[in-house]
Structure formats: C-alpha cells, structure tokens
Amino acid sequence: MTRTLLIALMLMAPGIALGQDRGMEKPQPRIIVIAHRGASGERPEHTLLSYGLAIEQGADFIEPDLVPTKDGVLVARHENNITDTTDVARHPEFAGRKATKTIDGEKLTGWFTEDFTLAELKTLRARERLPQVRPGNTQYDGQAQILTFDEVIALAKRESARTGRTIGVYPETKHPSYFASIGLPVEQRLVDKLKAAGWDRADAPVFIQSFEVNNLRKLKGMTHVRLIQLMAGDGGPADHAEPSYAAMSTPEGLKTVAQYAYGIGPELTQILPNSGEPTTLVTDAHAAGLKVHPWTFRAENFFLNPKFRAGTPLEHGHIAEEIALFLKLGVDGFFTDFPYIGVQARDAFLAAPAR
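Side note on helix α2 (residues 48–56)
Stage number 1. Where burial is concerned, most of α2 is hidden: eight out of the nine residues are buried.
Stage number 2. Among the residues of α2, those classed as buried are Leu48, Leu49, Ser50, Tyr51, Gly52, Leu53, Ala54 and Ile55.
Stage number 3. Phi turns positive, to about 100 degrees, at Gly58, one or two residues after α2.

With respect to the sheet that holds strand β1 (residues 32–35)
Stage number 1. Across the sheet, which stays open at both edges, the four strands sit in the order β7-β2-β1-β13 with parallel pairing between neighbours. Edge positions in the sheet fall to β7 (168–169) and β13 (333–336), since each of these pairs with one other strand and no more.
Stage number 2. As paired elements, β1 and strand β2 (residues 61–62) share two bridges and run parallel to each other. Each bridged residue has a counterpart across the sheet, and for Ala35 the counterpart in β2 is Ile62.
Stage number 3. Its contacts with the sheet place helix α13 (residues 339–351) against β1 and β13, and it is angled at close to 175 degrees to β1.

Observations regarding the pattern of salt bridges
Stage number 1. Within the structure shown, the criterion is met by 19 salt bridges.
Stage number 2. Residue Glu151 is joined to Lys122 by a salt bridge in which the shortest nitrogen-to-oxygen separation is 2.9 Å. Residue Glu151 is found in helix α4 (residues 149–163), and its partner Lys122 is found in the loop between α3 (118–121) and α4; the two are separated by 29 residues along the sequence.
Stage number 3. Note on Glu151: relative accessible area 26%, which makes it partly exposed.
Stage number 4. When its relative accessible area of 18% is taken as the criterion, Lys122 is described as buried.
Stage number 5. Several salt bridges share partner residues, and in doing so they unite Arg37, Glu45, Asp65 and Arg129 into one network.

Reading the values: rules and limits
- Residues numbered from 1 in each chain as written.
- Predicted model: local features only at pLDDT ≥ 70, side-chain atom pairs only at ≥ 80, totals over all residues.
- Heavy atoms only, no water.
- Buried < 20%, exposed > 50% of the residue type's maximum accessible area, 1.4 Å probe, protein only.
- Helix = DSSP H or I, 4+ residues; strand = E, 2+ residues; numbered from the N terminus.
- Pairing = 2+ DSSP bridges.
- Contact = heavy atoms within 4.5 Å.
- Axes fitted to C-alpha atoms, helices over the stretch in contact; angles between N-to-C directions.
- Salt bridge = Lys/Arg side-chain N within 4 Å of Asp/Glu carboxyl O.

Below you can see the structure in the form of structure tokens.
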C-alpha cells in the first residue's frame, strides 16, 4: 500500500474526532518549520500528496491557503483562480464558467472557486502550479483532489496521533475583503471549523495569517487562536487599513500590529535584502512583543538571495545556509517549500553549541 493511499484511507476511516485533544503528543520545538502549501517543492501544492510528504519530512505545521466555494465551504487553494492549479480547462462542462474579475485591484481571467460548488470542485484534479520551475512535480498531475479545510484538519489530527508529534495547521485567509464583498465572508466559517476541532485556545496548534488587517482585527474578537500579520517587501494591505507594509514594519508600526497580532510574517527581503546587510526588523518585532515567521525559503536559485545561489536559475543553491543565517538573526519559525531541508537546518542550529 502506498503512503498516499494509506493517508487517504485514514481520512475516510473512523478514528480521532475533530474535537479530540492532543493527548500525549510531543510539543512543538521553539523554532517551528511551516510547510508552505505542504512540501510544495516536491509535490503539487495544497494536496494530500504535498501535505503528507511534509508531515513525513518532519514539518511542525502544514499551511493551507483558504478560499470559499459557491456553497460556502473553505477549500485549500493558493488562489480562488484555479486555472493554473487544476485541470478545470479540460472540463468542457465548465467552459461557461470562465470569467474575468477584479480582485484586490488586479484584473484576472480564469475559473474561480466561488463559481463552483464543492461537489463540482471535487471532480477536478490538481496540477503543478510552476511546471517550468518544478517539472518533476508534473508527474503527479491529476492524482489529487482539492481538499476541504475539514480534511486538512483531519489529516493533521490523525497524523499527530500516528507520529506522536503535534502537527498544527497554519491557515491563510485569502482575499478576505473581496470575499466579504460578494457575500462569502470567511472569518466565521474559519472560526467555526477551528472550534469544532477543539482549537479555540491561545496554545492550540494553529496560527491564522493574513495580508489584510481588518479581518485580523475582526478575528481578534472571535477566537483565542494566535494571529499573524503577513507583510511584503512592497505595496500594502488590500483593505487599505494601513498605508504600506513598509510603514507597518517600523518600530511604531509594529507596536500597532502587536495590539491585535501574535506575530508577523514578513517577506525574506524585509529581513535580508538581496543587496546589503540584514535589517533590524527581527529585533524591532521582538521589542514590540511579536514573533517572526518569514516567508518563503525555496531551494531553487531563482528564488534564493544572491548570496546563496550556485548554478543555473532552476538548480538548487545553498538554501540550508540561507535558513541558518535567518536562524542566527533570531526568527521564531519560517515557511519553506522544502520541509526536510528546513527541519535539518533548524535541528542543526538548535543542536549547535551556544556562541
């Protein structure tokens, strides 16, 4: 029996109820490894294949980006535009669903989750989002369904019981103000699922993240789960609650973030610019009482800081060394597409003699 089939059967079989507590599972380490969309460097993202491999590789958290269906079910997709991540274009019965929409100020054409019921989405199969960058992942195209958030929670709980490790979930609310504007707000749906799972505590194995501000402020009054304010190297929140991510990243801006969030999720370049020395963002955030979980460590040279590249753009560079530098700078966790490298780098750092 294959590992993927085994996990699939576990998801369907009776077992741990969604509300069951963690029991005797080992607590997570003080520096957490977050599997960015699963082990997305090696399997199509947001699939059972990707999440299952990430868990096998030792990830502490699996990260589902959440978007709603037409009938209000939260599903794991990087974007509500599923043109590049599913085989929807090959389904003639859905040809008429193709649409052009403006989402967070960007005009997009494709097929969108909010125009499909869950039953319809379940007829689609996932595909590799970056086939030119990760051609090896395309061999898994067509093998996995779109997962609901319920299924992601169930996987984390069952695998926690099997491995004896606490495996958490780190959901991101995608485009929350857009979905609210079309009558599909995500906050209550997300909180309800977490409460059903028994996860409404500050020490629950959950973080909720968002690039927007107002939905995090709203969630602050709805749940005790820890909240993470995502940031980027340029631009600002789509809900325009703050002028820019740059302003949010100043010492004064971080104090404001600390009023509603547990931590921040900055882009890597906000901590280590592609040229120049590290910034003070980590120490500034810690001074404001915030944890720091930067995104996203990827092995391909195309994505790496120039200091850690070796070879052609699509070959793998020195990702472990890049991670090690960020650990020395004091980050409290990190997102990576390659969890096994992240776990090895984290464990080596924690095992090293104190300097």
